[in-house]
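Structural overview for review
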Amino acid sequence: MKTKKRRSGRTEPAAPASRPFPWGWAAAGALALCVVFWAYGPALNGPFVFDDANLPYGRADFSPSLTAWIGGGVRGLLLVSYWLNQQIGNGDPYSFHVAGVLIHVVAAALVFLIVRRLLEWAQSAAPSRNLLAALAAAVFLLHPAQTEAVAYIAGRSEALSTMFFFAALTVFLYRRTVAIRWSTSAAVLLLFVAAVLSKEPPLVLPVVLLVTDYWWNPGFGFSGVRGNWRLYLPVAVGAPLAAGAILWKVLAGAQTAGFGLKDFTWYQYFFTQCRALFVYIGIFLFPGRLNADWSFPVSYTLWEHGAIFGLAALAGLAAAAWIYRRRFPLASYGFFLYLLLMAPTSSFLPIQDPIAERRLYFSMIGLLLIAVDLLGRLKVERRKLAYAAVAVLLAETLVTHARAAIWADPLRLWEDTARKSPDKFRAHFQLGYAYYTGQRYDRAVAEFRKAGDLPARTLGERNNLLVDWGLALDGAGRWEDAIAKLREAAATEPTAYIYSQIGMISAKHGQYDPALEALGQAQRLDPGFGMTYVYRGQIFELRGDLPGAVQQFQRALELPDPANLAHEQARQELLRLRSGPPGGRGK
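Everything numeric in this text was worked out from a predicted model, so none of it was measured. (Residues numbered from 1 in each chain as written. Predicted model: local features only at pLDDT ≥ 70, side-chain atom pairs only at ≥ 80, totals over all residues. Heavy atoms only, no water.)

1. Some points on the overall build of the chain
Along the chain, the regular secondary structure elements total 27 helices and two strands. In terms of principal-axis extent, the alpha carbons of the chain reach across some 105 × 70 × 50 Å. Residues counted as buried form 48% of the 587 residues belonging to the chain. When the 58 basic and 41 acidic side-chain charges of the chain are each reduced to a single mean position, those positions are 16 Å apart. (Helix = DSSP H or I, 4+ residues; strand = E, 2+ residues; numbered from the N terminus. Buried < 20%, exposed > 50% of the residue type's maximum accessible area, 1.4 Å probe, protein only. Lys, Arg positive; Asp, Glu negative; His and termini not counted. Charge placed at Lys NZ, Arg CZ, Asp CG, Glu CD.)

Shown next, in the form of structure tokens:
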């Protein structure tokens, strides 16, 4: 570096020449932002769908306080992000969707930085590094398989945890010294904690960092691992305790978390994943048949559904990646990274759904590294490579736009899913519910009947089907069949809600004595269920007992009602009674 003299005779470094503003990169970033918002545009105004109804933002009865949102959960940071959206948008799904797209954009930018640094360490040709890294980031940004993690609000756990995981890996890769400093180690660990508080799969980060050090620092040796003891020592002390606590919480709530440990054993799940891992690779290469609820049979033995061939192929690829790791360092690293990132959900720990597209969000970077390594070795002009990349990205953008439109409409989503997975209970149940909420009762009944012929995962799912089936039958004018279906549900799992619906439907059709009997049973099951008193008050009014009706409505108002459903209806009934003459209520 050139120096200049000062009057004292001492010398100091000359001021570095100022770098011009990177207008090209700024324009590329702005274009990418516009394209990704167009691609996900149909979903931005979409409603809450599927599991959104079970999360705090989708429940009218949930407390608005932050402590209630994060209390007892293992994904506290994810819930904080939802709470912030709730405050910003007052429950409007739009703000949730915009936040999801922005998280995805940040994750894609981090993919660029990660791939760019690894291309440099792999000694890829300098002129093509930026192009290949930008291509990897753009594919990650616009790939149709990412739609579930971005357009589906409950899928944010994938995107948010992956964003923090990528941020931790980026800080590690771009550290200023070969041996990590305490400050950098603290930053990596802080981002690691943030990732795990968004979802559990980033627990593999310490293993990923160890493999990265072995692979690249300085290259297939453990000296880099020893030099980064400032990072690995705190991890070795704290990670096992944290991982144990998180795993205990996950397993304690196995049914709600999607784990079905009694449906198949750990080794049967592993046999199944030996096939599933290749399905994800197929989705990455040819994302033409995406599905919100895959029908994927379990391999209960190594010989069932070709699991043995999947295991043999994985073993062969792993052996090849290891043998040729010096010749193809980036591709072999990418393959092992893909396996590591899939391991939390697609190895030995049984999860109820053997395949879910959103799991590819976390692991796609491994496949991208394989792709850019192979592309970088092609003897093709950069211009031709750029043209081919634009064509691929344009096709991906169009497919993602179409897929986002499907996720924006519950009816289209479940029609698409039921068509692709006709043997899945959940697909027909959710399609029936979409028809029911759209007041297409005959279609709803038909789908509920199809679901009834298929095995449900839990008794609760079966009972929910029977209740919604009954309400759809009532909407279709078949009230006697509706009551029979509700009584079938009550015989298995009696609740105040089910008996209140029996009472409501009976009263609508003039069957007041059976209605009051059902409402009495609802009160005995749960004296605090407010709608019991609302329905009873309506019956009293129809029978001309106005003081009794008022008493029932006032009783409903005295009870806690977090969802404000009973309170609102009781207030409306009292206002109507006090503001006008009685009568006018039909049967």
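2. With respect to the packing of helix H1 (residues 23-39) against helix H5 (residues 93-121)
Relative to each other, H1 and H5 sit at 140 degrees, their axes nearing to 11 Å. It follows from the interaxial angle that H1 and H5 lie oblique. Judged by the sense of rotation from one axis to the other, the crossing of H1 with H5 is right-handed. Only Val98, Val101, Leu102, His104, Val105 and Phe112 of H5 make contact with H1, whose side of the interface consists of Trp25, Leu33, Val36 and Phe37. Residues belonging to the contact of H1 with H5 are distributed by class as follows: nine nonpolar, one polar and no charged. (Axes fitted to C-alpha atoms, helices over the stretch in contact; angles between N-to-C directions. Parallel < 35°, antiparallel > 145°, perpendicular 65-115°, else oblique. Left-handed = near helix turned anticlockwise from the far one by under 90°. Contact = heavy atoms within 4.5 Å. Nonpolar A, V, L, I, M, F, W, Y, C, P; charged D, E, K, R; others polar.)

3. Thoughts on the side chain of His428
Looking at the element boundaries, His428 is found in helix H19 (residues 425-437). One polar contact links the side chain of His428 to the main-chain carbonyl oxygen of Pro422, over a distance of 2.8 Å. Setting aside residues no more than four positions away along its own chain, His428 makes contact with Ala418, Ser421, Pro422, Glu447, Lys450, Ala451 and Leu454. (Polar contact = N/O pair within 3.5 Å; in protein donor to acceptor, adjacent residues only side chain to side chain.)

4. Quick notes on the pattern of salt bridges
Under the criterion given, the structure shown has 24 salt bridges. One salt bridge in this structure joins Glu488 and Lys485, with 3.6 Å as the shortest N-O distance. Linking Glu488 with Lys485, this pair stays in helix H22 (residues 479-492), spanning three residues, or about one helical turn. Overall, Glu488 belongs to the partly exposed group, its relative accessible area being 40%. The exposure class assigned to Lys485 is buried, which follows from its relative accessible area of 16%. (Salt bridge = Lys/Arg side-chain N within 4 Å of Asp/Glu carboxyl O.)

5. Digging into the nonpolar core
Ranked by internal contacts, the top residues of the largest apolar core, which has 160 residues, are Val111, Phe140, Phe165, Phe166 and Leu360. For this core, the element with the highest residue contribution is H5, accounting for 13 residues. Apart from the residues lying within four places of it in its own chain, the contact partners of Val111 are Ala136, Ala137, Phe140, Phe166, Ile365 and Leu368. (Core = buried A, V, L, I, M, F, W, Y, C linked by side-chain atoms within 4.5 Å.)

6. A look at the environment of Ala522
With respect to the helices and strands, the residue Ala522 is situated in helix H24 (residues 512-525). Each C-alpha atom, one on Ala522 and one on Leu110, is 55 Å from the other, the two residues being 412 residues apart in sequence. Excluding residues that lie within four positions of it along the chain, Ala522 makes contacts with Ala496, Tyr499, Ser500 and Thr532.

7. Points about the packing of aromatic side chains
Tallying each qualifying case throughout the model produces 35 aromatic pairs. Ring centres 6.1 Å apart and planes at 70 degrees place the aromatic pair Tyr214 and Trp215 in the edge-to-face group. Trp215 shares its class with Tyr214; the two are buried. A centroid spacing of 6.3 Å and a plane angle of 65 degrees characterise the contact between Trp215 and Trp322, whose relative ring orientation is edge-to-face. One end of the pair, Trp215, is in helix H10 (residues 205-216); the other, Trp322, is in helix H14 (residues 307-323), and 107 residues separate them in sequence. On the basis of relative accessibility, which here comes to 40%, the residue Trp322 falls in the partly exposed class. (Phe/Tyr/Trp six-rings, centres within 6.5 Å; stacked < 30°, edge-to-face > 60°.)

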